[in-house]
Amino acid sequence: MEGGFGSDSGGSGGGKLDPGLIMEQVKVQIAVANAQELLQRMTDKCFRKCIGKPGGSLDNSEQKCIAMCMDRYMDAWNTVSRAYNSRLQRERANM
């Protein structure tokens, strides 16, 4: 990522760090890392489940298995993510 943390990209502030900007950059980096981890886990699990003998190409059944596996994995991840976010919101409301 170019223009790392605390870079004075706007020319204003005389070198002062903008905590809001830093927080946004951290949030973006965390989101990217989470997406990369999700993709890596999904790829690993579906590959192990669907590919018997790795070769130069996937046959029809392997392609269907990979597609279905990835769909199920994403559906499950979305369900868990929604439940987790809902629980976080409830807990924050009770503070």
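Position numbers for residues start from 1 in each chain and track the written sequence from start to end. A pLDDT threshold of at least 70 governs which residues receive local features in this predicted model, and a stricter bar of 80 or more applies before side-chain atom pairs are shown or counted, although totals over entire chains, interfaces and linings include all residues. Side-chain numbers here rest on the full set of heavy atoms in the structure, without hydrogens or water.

Engineer: Describe the overall build of the protein, and please don't skip the residues or the numbers.
Structural biologist: A run of H or I in DSSP counts as a helix once it spans at least four residues, and a run of E counts as a strand once it spans at least two, with each numbered from the N terminus. The helix and strand tally for the protein stands at 2 helices and 0 strands. Residue exposure (1.4 Å probe, protein chains only): buried if accessible area is under 20% of the type maximum, exposed if over 50%, otherwise partly exposed. Across the 95 residues of the protein, 12% fall into the buried class. Across the protein, the fraction of contacts at a sequence separation of at least 24, relative to all contacts at a separation of at least 6, is 32%. Pairs of residues are marked as contacts when any of their non-hydrogen atoms sit within 4.5 Å.

Engineer: Could you give an account of helix H1 (residues 19–50), naming the residues involved and the relevant values?
Structural biologist: What a helix is expected to span follows from its residue count: subtract one and scale by 1.5 Å. With 32 residues, H1 extends 46 Å from end C-alpha to end C-alpha; this agrees with the ideal 46 Å at 1.5 Å per step. Considered for burial, the residues of H1 that qualify are Gln25, Leu38, Met42, Cys46 and Cys50. Contact partners of the buried residues in H1: helix H2 (60–93). N or O atoms within 3.5 Å of each other form a polar contact, as long as, within protein, one can give a hydrogen and the other can take it, and as long as residues adjacent in sequence are counted only when both atoms are side-chain atoms. Its side-chain oxygen placed 3.1 Å from the backbone nitrogen of glycine 20, aspartate 18 serves as the N-cap of H1.

Function cannot be read off these values alone, since they describe shape.
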